[in-house]
Amino acid sequence: MQTTTLEFPHNARTTYTAVKSLFRKRTKFSSIKTDDDLFIVEARHGAWLSPFSETVKMKVVATSSETCKVVVESSSRS
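All of these numbers come straight from a predicted model, not from anything done at the bench.

## Let's talk about unusual backbone geometry
Its identity is not glycine, yet Phe-39 carries a phi of approximately 55°, on the positive side. Inspection of the secondary structure assignment puts Phe-39 in the loop between strand S2 (31–35) and strand S3 (40–45).

Here it is as structure tokens:
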């Protein structure tokens, strides 16, 4: 599993909405789950039983009223 943290100069809700919209419209991920209360987007790429599938989890965390960070976790079965 790999983890990366990105910082953004926007509030957490704006960033979460943008990430959620991006995953739903612009990616090839097959299964997308969102949690609007905790600002988490979890998506899977590849077939469910495939040994080569990848899961990406993004959690948006407010660092102030004007900034936030996005923690990105990626894991694969292979």
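What follows continues from the structure just given.
## A word on the environment of His-10
Mapped onto the elements, His-10 comes out in the loop between strand S1 (2–8) and helix H1 (12–26). A relative accessible area of 42% means that His-10 is categorised as partly exposed. Excluding its chain neighbours within four sequence positions, the residues that come into contact with His-10 are Thr-15, Glu-66, Thr-67 and Cys-68.

## Considering the nonpolar core
By size, the foremost hydrophobic cluster in this structure holds 14 residues, and its most contacted members are Phe-23, Val-56, Met-58 and Val-60. At the level of secondary structure, the elements contributing two or more residues to this core comprise H1, S3, strand S4 (54–62) and strand S5 (68–76). It is H1 that provides the largest number of residues to this core, a total of four residues.

## Considering the sheet that holds S4
Two orientations exist for strands paired in a sheet by backbone hydrogen bonds: parallel and antiparallel. Reading across from one edge, S1-S5-S4-S3-S2 is the order of the five strands in this open sheet, with antiparallel pairing throughout. This sheet does not close on itself; its edge strands, each paired only once, are S1 and S2. Recorded for the sheet is a direction-independent mean angle of 15° between the axes of neighbouring strands. In terms of strand pairing, S4 meets S5 through nine bridges, oriented antiparallel. Across the sheet, Met-58 pairs through a bridge with Val-72, a residue of S5.

## Looking at H1
Since one α-helical turn is 3.6 residues long, residues separated by three or four positions face the same way. In a regular helix each residue adds 1.5 Å, so 15 residues correspond to 21 Å; H1 covers 21 Å between its end C-alpha atoms and thus fits that length. Taken together, the buried positions of H1 are Ala-12, Thr-15, Tyr-16, Val-19, Lys-20 and Phe-23. Relative to the axis of H1, the buried residues are bounded by an arc of 130° and lie together on one face. The exposed residues of H1 that point more than 90 degrees off its buried face are Arg-13, Arg-24, Lys-25 and Arg-26. By the N-cap criterion, in which a side-chain oxygen at the helix start approaches the backbone nitrogen of a residue two or three places on, H1 is capped by Asn-11, the distance to Arg-13 being 3.3 Å.

## Side note on the pattern of salt bridges
Considering all chains together, one arrives at one salt bridge under this definition. Between Lys-20 and Asp-36 there is a salt bridge, and its shortest N-O distance comes to 3.1 Å. Pair noted here: Lys-20 is in helix H1 and Asp-36 is in the loop between S2 and S3, with a separation of 16 residues, a long-range link. The exposure class of Asp-36 is partly exposed, given its relative accessible area of 40%.

About the criteria used
- Residues numbered from 1 in each chain as written.
- Predicted model: local features only at pLDDT ≥ 70, side-chain atom pairs only at ≥ 80, totals over all residues.
- Heavy atoms only, no water.
- Helix = DSSP H or I, 4+ residues; strand = E, 2+ residues; numbered from the N terminus.
- Buried < 20%, exposed > 50% of the residue type's maximum accessible area, 1.4 Å probe, protein only.
- Contact = heavy atoms within 4.5 Å.
- Core = buried A, V, L, I, M, F, W, Y, C linked by side-chain atoms within 4.5 Å.
- Pairing = 2+ DSSP bridges.
- Axes fitted to C-alpha atoms, helices over the stretch in contact; angles between N-to-C directions.
- Expected span 1.5 Å × (residues − 1).
- Arc of directions from axis to C-beta.
- Polar contact = N/O pair within 3.5 Å; in protein donor to acceptor, adjacent residues only side chain to side chain.
- Salt bridge = Lys/Arg side-chain N within 4 Å of Asp/Glu carboxyl O.

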